[in-house]
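# Results of the structural survey
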Amino acid sequence: MSLAAKATFVGACAFSAFTIWAVHHQQTQERENMYQGVIKDDARRREKMQQRQQAFDESRRKRELYESVQNVESSTS
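What comes next is a walk through the structure.

How each quantity is defined
Residues numbered from 1 in each chain as written. Predicted model: local features only at pLDDT ≥ 70, side-chain atom pairs only at ≥ 80, totals over all residues. Heavy atoms only, no water. Helix = DSSP H or I, 4+ residues; strand = E, 2+ residues; numbered from the N terminus. Rg over C-alpha atoms; globule rule 2.2 N^0.38 Å. Buried < 20%, exposed > 50% of the residue type's maximum accessible area, 1.4 Å probe, protein only. Areas by Shrake-Rupley, 256 points an atom, 1.4 Å probe, with all protein chains shown as cover. Lys, Arg positive; Asp, Glu negative; His and termini not counted. Charge placed at Lys NZ, Arg CZ, Asp CG, Glu CD. Patch = residues over 30% accessible without salt bridge, like charges linked within 9 Å, V, L, I, M, F, W, Y side chains within 5 Å. Salt bridge = Lys/Arg side-chain N within 4 Å of Asp/Glu carboxyl O.

### Here we look at the overall build of the protein chain
- When helices and strands are tallied, the protein chain shows 1 helix and 0 strands.
- For the protein chain, whose C-alpha radius of gyration is 32 Å, the value lies well above the compact-globule estimate of 11 Å for 77 residues.
- Counting only C-alpha atoms and orienting by the principal axes, one finds that the protein chain spans roughly 105 × 25 × 10 Å.
- Of all 77 residues assigned to the protein chain, the portion counted as buried reaches 0%.
- Of the roughly 7,500 Å² that the protein chain leaves accessible, carbon and sulfur atoms contribute 57%.
- Taken together, the 12 basic and 10 acidic charged side chains of the protein chain have centroids lying 8 Å from each other.

Here's what the structure looks like:
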């Protein structure tokens, strides 16, 4: 084999190895980014549930206050 052929072969092998490493690295980064998205979604969901619970508690408190001040009749049929 000539020196040029060996250099071309080594260059092609190095390029292939680098390409494989780069794709693997990119997949790892994408997987991590996707996982961070799941964590952020969970945090948003928890925050939203907490806000809904606070609104429900406030509504319940207001209802109890209004029922204690006003006469409320049950409308059963």
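### Regarding a nonpolar patch on the surface
- A cluster of nonpolar side chains, namely Met1, Phe9 and Val10, defines an oily patch on the protein surface of about 390 Å² accessible area.
- Position of methionine 1 among the secondary structure elements: in the segment before helix 1 (3-69).

### Quick word on the environment of glutamine 29
- With respect to the helices and strands, glutamine 29 occurs in helix 1.
- Look at glutamine 29 and you get partly exposed, because its relative accessible area is 38%.
- Separated by 34 residues in the primary sequence, glutamine 29 and arginine 63 place their C-alpha atoms 51 Å from one another.

Any functional reading would require information beyond the geometric quantities listed.
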